[in-house]
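The chain contents come next:
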Amino acid sequence: MAAPKVAVVGAGVVGLSTALCVADAFPACSVAVLAQRFAPSTTSDVAAGMLIPHTAPGTPIHVQKQWFKETFTYLFAISNSAEASEAGIHLVSGWQVFKSTPGEELPFWSDIVLGFRTMSEAELQKFPQHRYGQAFTTLKCDCPPYLLWMEKRLKAKGVQMYTRKVENLWELHSEYNIVVNCAGIGAHQLVGDQQLFPVRGQVLKVHAPWVKNFIRDGDGLTYIYPGISSVTLGGTREKESWSLSPDPSTTKDIFGRCCSLEPSLQAAQEMKVQVGLRPSRASVRLQREVWSQGGAKLLVVHNYGHGSGGFSMHRGTAKEAARLVGECIAALQDSSSRAKL
């Protein structure tokens, strides 16, 4: 049979990394990325890109740990290479502080990040309102550099990029054999997933080059994440809110919360406000399906619903999606050889 044609729908961090894993694993395939928006206009471009996992209630912990480990290992190798600067990937050390000791003192990812330990009394003096804390070093992906770096790698492998609004996956059945759905919050409409809902996040990007360490309040709602060219201040978690318009009172609230953690931010300049909709559901949807209509068939793989954990597990879930694409290719070859008989 001819080389299978694979379309990946979505060009955020999950879509591009899935396309890369598919192109790497199956070089004979013709791969294309179709998206309404590319960097710097994706939801991923709003994200801080910090590798600090959130626990997804519907996914077994050992699976989440595997996804995070694969992602961390992959990005750590890039951070130690000549590509690090272009890819926007760097190590950042800091603190996660709590007003009271959490029930779970060792999160599932504590042995994957670097140098995880309990904060000393001297360190905690920096945070007078907090009684307990954890110090560690993790990775941060700056966007849009990371997405643009992935696009460049994809183009070098012959992957085509098309700006296109896909209304229904079935419209692709005459052009592609396999479709990988990485549409993020777009999957709500694209495949009618009623379990998927937006969690609105508003963040501020400020110029504060003296801030070198991340600071994250234990509930994960207030955070200060220094990047290469700006510091991301957050945030909000507004379930079922579809609004992409920045809210001035929210901006003031976020800035106030972050300044109480790091008072020097009062001197920060050039504030840019961004809003993104995290594609949330009880668990990431990672599965394959066969769609059929009037005797025609389309093989579909889903990889979406990462919520606020997209960056923390994107490479792990992309590898799993590529494995499912491999199963689809095997099924195509099997039906092709049966047809010849």
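Quantities reported herein were computed from a predicted structural model and do not represent experimental measurements.

**Some words on the UniProt feature "binding site: FAD" (unreviewed entry) in the protein**
Here comes step 1: The sites that UniProt annotates as "binding site: FAD" (unreviewed entry) are Thr43, Ser44 and Val166.
Here comes step 2: As for its position among the elements, Thr43 is in the loop between strand E2 (30-35) and helix H2 (61-79).
Here comes step 3: By relative accessible area, which is 37% here, Thr43 ends up partly exposed.
Here comes step 4: In contact with Thr43, not counting residues within four places along its chain, are Gly276 and Leu277.
Here comes step 5: Checked against the element boundaries, Val166 lands in the loop between strand E6 (160-163) and strand E7 (178-181).
Here comes step 6: Every residue in contact with Val166, bar those within four places of it in the chain, is listed here: Val9, Leu34, Glu171, Leu172 and Leu190.

**A word on helix H1 (residues 13-25)**
Here comes step 1: With 13 residues, H1 ought to run about 18 Å at 1.5 Å a step, and its terminal C-alpha atoms sit 18 Å apart, in line with that.
Here comes step 2: Across the 13 residues that make up H1, a large majority, 11, are buried.
Here comes step 3: Those residues of H1 lying buried are Val13, Val14, Gly15, Leu16, Ser17, Thr18, Ala19, Leu20, Cys21, Val22 and Ala23.

**As for the packing of aromatic side chains**
Here comes step 1: Evaluated as defined, the whole model comprises 11 aromatic pairs.
Here comes step 2: Ring geometry for Phe214 against Tyr225: centres 6.4 Å apart, planes inclined by 65 degrees, an arrangement best described as edge-to-face. Here Phe214 is found in strand E9 (residues 214-217), whereas its partner Tyr225 is found in strand E10 (residues 223-226), with 11 residues between them in sequence.
Here comes step 3: Looking at Phe214, the relative accessible area reads 0%, which means it is buried.
Here comes step 4: Taken together, the aromatic side chains of Trp109, Phe116, Phe136, Phe214, Tyr223 and Tyr225 make up a single cluster linked through ring pairs.

Definitions and cut-offs
- Residues numbered from 1 in each chain as written.
- Predicted model: local features only at pLDDT ≥ 70, side-chain atom pairs only at ≥ 80, totals over all residues.
- Heavy atoms only, no water.
- UniProt positions renumbered as here; feature names shortened; annotations may be inferred.
- Helix = DSSP H or I, 4+ residues; strand = E, 2+ residues; numbered from the N terminus.
- Buried < 20%, exposed > 50% of the residue type's maximum accessible area, 1.4 Å probe, protein only.
- Contact = heavy atoms within 4.5 Å.
- Expected span 1.5 Å × (residues − 1).
- Phe/Tyr/Trp six-rings, centres within 6.5 Å; stacked < 30°, edge-to-face > 60°.

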